Amino acid sequence: MRYFLKRPRTFWISVCNLVDLLFSMAGVVLLFYYTLPMALPNAPKALGTGYGGGPEYEAQKQRYDANANIGFLLVVIGTVLEAVPPFRTAIGSWRRRPSLAQRQTRGGDRRSTQKVVNYSARRGRPQVSTPPQTDINAERVSTETERVLHDFVRDAVSRLSEALNDVAHQSAPAFEDYIQFERGHDGNFRERKKQIRTLWPTLSPEWLHSLPDYEHCVDCLRSDEVIGPHLDCLVGTSRSTRRLEAESILTSLIYAILDDERRLTFTHEKFHSKWQELSGFFNADRIAYKSIAPLPNLVVPAFPLRLNDELVLDRLTDEEVTRCYQVGVIRPTSLRFPMIEGKTAVGIRRTAFLPKQLRRGDERLELPKGEEEGSFGRRPYFRDDLVIGDVLSALRLFKRTQIRTAGLASWTDAPWLAGGTEYRVLGQWPYGRGFELSEGEASQLLELWRLLEEEGGAARFRFSIHRFNLAFDRTLLDDRIVDLVIAAESLFLGVLGPGDRGEHRFRVALRAAKFIGHPSYSDREVFRVMRRAYDVRSAIVHGGSPEDTRLPDNQSADLGSFIDAVEDVVRLGLRKALSMRQDGKKIRQPDYWDALVFPNAAPTIEPSRSP
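The shown structure was predicted, so the numbers you read here are calculated from the model rather than taken from an experiment.

Next up on the list: the overall build of the protein. Scanning the protein from N- to C-terminus turns up 19 helices and 16 strands. Burial status across the protein gives 45% buried among its 611 residues. Sequence separation of 24 or more characterises 70% of the internal contacts of the protein that already satisfy a separation of 6 or more. Accessible surface computed for the protein: about 32900 Å², of which carbon and sulfur atoms make up 52%.

Structure below.
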């Protein structure tokens, strides 16, 4: 009884359901009890009269007809109670409401990837967010909560429209300019300025609290098993949090009613679209955290090209291009005519799902350890710079390229948390050449990525790959050749002990010649190229100038062409070492190189050294 006293609407619906049930059951019983005997072929016998009928039969028949009509009338009354206000029941109310999309269950769910435009509760700016939920709780947001908020928002929008249109009490409506890049029919992005209507100061906390059903809505939200625990808490992830109150939920629902024409007209479709987004957020165990790093002029046979469950190479969406433009990691071709070409708006997208946290404010927030680096392609969420480096390393190990990225933009892709964009500058805006893959090369790149990701892959040659990758970010040729020779030393001289550090130049050149198998150069030519590379590196680090940069196929090669040839040699060496998989650890054993250099020599036993 205390439950119904707190919820008079629920009590009224229960009473109507009971009355409707009684009327319907009584009507059905009377209808069938007094109609069925009259429908039988031997109706006089069923009525207890003679086969010939007579006055007794006619009187009995009239009584049955009257009772059958009463039963039919009761059935009609029960139907009216079910569908006609103000005596409508829960079933009748549900029938008149627009149909809702079926909520997903754990078994065989198909999550929608459709983008939903919503509006910030405070500033009214449009934001496109991907539904963040991955693991769904067993509990669901109550349908009663949805119904109460639906009616409240409908009435609030009606009152707010009247207040905004009341010229005697309100000033002219205020608008905010919002710049967004949108993809055109030609695939290029152009700047579009939108005016977003701000409902403040009319839609203020004081005005919202003055509405008749505000307290009832707040009580309904607090009593909801799913939404209640979120209220008056810091809701978010270890990356970002924000305090969530009932007022912000109602305000966001009201802002969602604004359309592109800046009109405030309530529709069931707008409400339920926003409500599905919010209920998905409340039911979610994890929240999406997105990072974007543009790679201009990246061309693959078919987008998206997925590297793993978090990383994908893909075209950027309107929202992603806009955010990258706002933080300066992607730029238009001209500031006078702002347009971002479609071939520029491609790059790396990382979507990491972080556990959702609810904190009252007094709990201690555990910060991630800054020294954590993770593994290749599986970096901590706060080390997106390493993830970008892993992708660039794979592209550069695959073939020669000048592709670069200027930085990355990151944000939490969830309601109430998607307002700010973090960014990190990783280099100058790239105007260099791009990276193009054929259909066959795309599958080969994915195979190389799997070799780098698997246990013992990139981790075994971590320093060599790191120095090789650094060479592409250098702006001076001298620095590039130094990094490339260091990468070669780390790969081919990793087994040398303290007593074997003599003649590095000869060992690097000889082992590279025997190990790589260059498609254009012979073993002897590879030996000479790597020996000259070591000489060039030594001259540079000691303050001199390189003298001999000849190549087997270009005797007048300059320093740039010579470095490109050395880059190809080191790339082939790293690719072959990775292709050895678990056998790659043999590269760290001296016997492996002895057998490679002297394949026909009989094994010898070295005499033991006297102490």
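Once the structure has been displayed, the description carries forward.
This next bit is on the state of the cysteines. One pass over the structure, following the stated rule, counts 0 disulfides. Lacking any disulfide linkage, Cys217 is separated from the closest cysteine sulfur, that of Cys220, by 7.1 Å. Here Cys217 falls in the buried class, since its relative accessible area comes to 0%. Classification of Cys220 as buried rests on a relative accessible area of 9%.

Pairing within the open sheet is antiparallel, and its 3 strands lie in the order β6-β5-β13. Every interior strand has two partners, whereas the edge strands, β6 (241-244) and β13 (357-359), have only one. Within this sheet the neighbouring strands show an average axis-to-axis angle of 30°, counted without direction. Where strand β5 (residues 233-236) meets β13, 3 bridges bridge the pair, whose relative direction is antiparallel. Across the sheet, Leu234 pairs through a bridge with Arg359, a residue of β13.

Moving on, we come to the side chain of Arg537. You can see Arg537 is positioned in helix α17 (residues 523-541). At 4.0 Å, Glu489 is the nearest oppositely charged side chain to Arg537, a buried residue that forms no salt bridge.

Our next topic: the packing of aromatic side chains. For the structure shown, the criterion picks out 15 aromatic pairs. Relative to Trp449, the ring of Phe376 has its centre 5.0 Å away and its plane inclined at 55°; by these criteria the two rings are tilted. Placement of the pair is Phe376 in the loop between β13 and α12 (384-398) and Trp449 in helix α13 (residues 439-453), with a sequence separation of 73 residues. Owing to a relative accessible area of 8%, Phe376 belongs among the buried residues under this scheme. In this structure an aromatic cluster arises from ring pairing among Phe492, Phe515, Tyr592 and Trp593. Over the ring of Phe281 we find Lys356; its NZ or CZ atom is 5.1 Å from the centre of that ring. The residue whose ring lies beneath Lys399 is Phe435, and the NZ or CZ to ring-centre distance is 5.3 Å.

With that settled, consider the packing of helix α14 (residues 462-473) against helix α18 (residues 559-579). Close contact between α14 and α18 brings their axes to 11 Å; oriented N to C, the two are set at 150°. Comparing the axis directions of α14 and α18 gives the class roughly antiparallel. Helix-helix and strand crossings are classified by hand; for α14 and α18 the assignment is left-handed. Of the residues in α18, those touching α14 at Ser464, Ile465, Phe468 and Phe472 are Glu567, Val570, Arg571 and Leu574.

Attention shifts here to the sheet that holds strand β3 (residues 174-183). Strand pairing in a sheet is mediated by backbone hydrogen bonds. Such pairs are either parallel or antiparallel. Spatial ordering of the open sheet is given by β3-β4-β11, a layout of 3 strands whose pairing is antiparallel. Across the chains shown, the open sheet's two edge strands, defined by having one partner strand only, are β3 and β11 (339-340). The pairing of strand β4 (residues 189-198) with β11 spans 2 bridges and is antiparallel. Pairing of Arg190 across the sheet is with Met339, part of β11.

Compared with the 21 Å implied by 1.5 Å per residue over 15 residues, the 22 Å span of α13 between its first and last C-alpha is a close match. Buried residues of α13: Ala442, Leu445, Leu448, Trp449, Leu451 and Leu452, and no others. Elements in contact with the buried residues of α13: β9 (305-306), β10 (311-315), α12, α14 and α18.

A separate point is the nonpolar core. Grouped together as the largest cluster of nonpolar side chains are 75 residues, with contacts concentrated most on Leu452, Ile481, Phe492, Phe515, Met530 and Val566. Looking at which element gives the most residues to this core, the answer is α18, with 10 residues. Those residues in contact with Ile481 that lie beyond four places of it in its chain are Ala533, Val536, Ile540, Ile563 and Val566. Counting 44 residues, the second largest nonpolar core, distinct from the first, contains Val153, Ala156, Leu164 and Cys220.

Looking along the chain, the bond that leaves Phe303 and enters Pro304 is cis, with omega of -5°. Relative to the helices and strands, Pro304 is located in the loop between β8 (298-299) and β9. We note that Asp232 has phi near 60°; this positive angle belongs to a residue other than glycine. Residue position: Asp232 is located in the loop between α8 (214-223) and β5. Positive phi, close to 70°, is recorded for Trp416, a residue that is not glycine.

Confidence along the protein averages 80 in pLDDT terms, with 75% of residues attaining 70 or more. The low-confidence segment residues 2-7, where pLDDT is below 50, has 5 contacts with residues more than four positions distant or belonging to other chains. Below pLDDT 50 for its whole length, residues 85-138 participates in 125 contacts with residues either more than four positions away or in separate chains.

Right, let's talk about the pairing of β10 for a bit. The buried fraction of β10 is high, at 4 of 5 residues. Summarising the sheet, β9 and β10 pair through 2 bridges and their orientation is antiparallel. Residue pairing for β10: Leu305 is matched across the bridge by Leu313. What sits between the antiparallel neighbours β9 and β10 is a turn of 4 residues. As paired strands, β10 and strand β12 (residues 346-355) are joined by 5 bridges and run antiparallel to one another. Directly across from Val312, in β12, lies its bridge partner Arg349.

The next subject is the packing of helix α6 (residues 143-165) against helix α9 (residues 246-255). At a closest axis distance of 10 Å, the pairing of α6 and α9 adopts a crossing angle of 60°. Pair α6 / α9 crosses with right-handed handedness. Of the residues in α9, those in contact with Leu149, Phe152, Val153, Ala156, Val157 and Leu160 of α6 are Ile249, Leu250, Leu253 and Ile254. A per-class count over the contact of α6 with α9 returns 10 nonpolar, no polar and no charged.

We now examine the pattern of salt bridges. Within the structure shown, the criterion is met by 41 salt bridges. The salt bridge involving Arg400 is made with Asp568; its shortest N-O contact spans 2.3 Å. Of this pair, Arg400 sits in the loop between α12 and β14 (407-412) while Asp568 sits in helix α18, and the two are 168 residues apart along the sequence. Residue class for Asp568 comes out partly exposed when judged on its relative accessible area of 22%.

Conventions we followed
- Residues numbered from 1 in each chain as written.
- Predicted model: local features only at pLDDT ≥ 70, side-chain atom pairs only at ≥ 80, totals over all residues.
- Heavy atoms only, no water.
- Helix = DSSP H or I, 4+ residues; strand = E, 2+ residues; numbered from the N terminus.
- Buried < 20%, exposed > 50% of the residue type's maximum accessible area, 1.4 Å probe, protein only.
- Contact = heavy atoms within 4.5 Å.
- Areas by Shrake-Rupley, 256 points an atom, 1.4 Å probe, with all protein chains shown as cover.
- Disulfide = S-S within 2.5 Å.
- Pairing = 2+ DSSP bridges.
- Axes fitted to C-alpha atoms, helices over the stretch in contact; angles between N-to-C directions.
- Lys, Arg positive; Asp, Glu negative; His and termini not counted.
- Salt bridge = Lys/Arg side-chain N within 4 Å of Asp/Glu carboxyl O.
- Phe/Tyr/Trp six-rings, centres within 6.5 Å; stacked < 30°, edge-to-face > 60°.
- Lys NZ or Arg CZ within 6 Å of the ring centre and 35° of its normal.
- Parallel < 35°, antiparallel > 145°, perpendicular 65-115°, else oblique.
- Left-handed = near helix turned anticlockwise from the far one by under 90°.
- Expected span 1.5 Å × (residues − 1).
- Core = buried A, V, L, I, M, F, W, Y, C linked by side-chain atoms within 4.5 Å.
- pLDDT = per-residue confidence, 0-100.
- Nonpolar A, V, L, I, M, F, W, Y, C, P; charged D, E, K, R; others polar.

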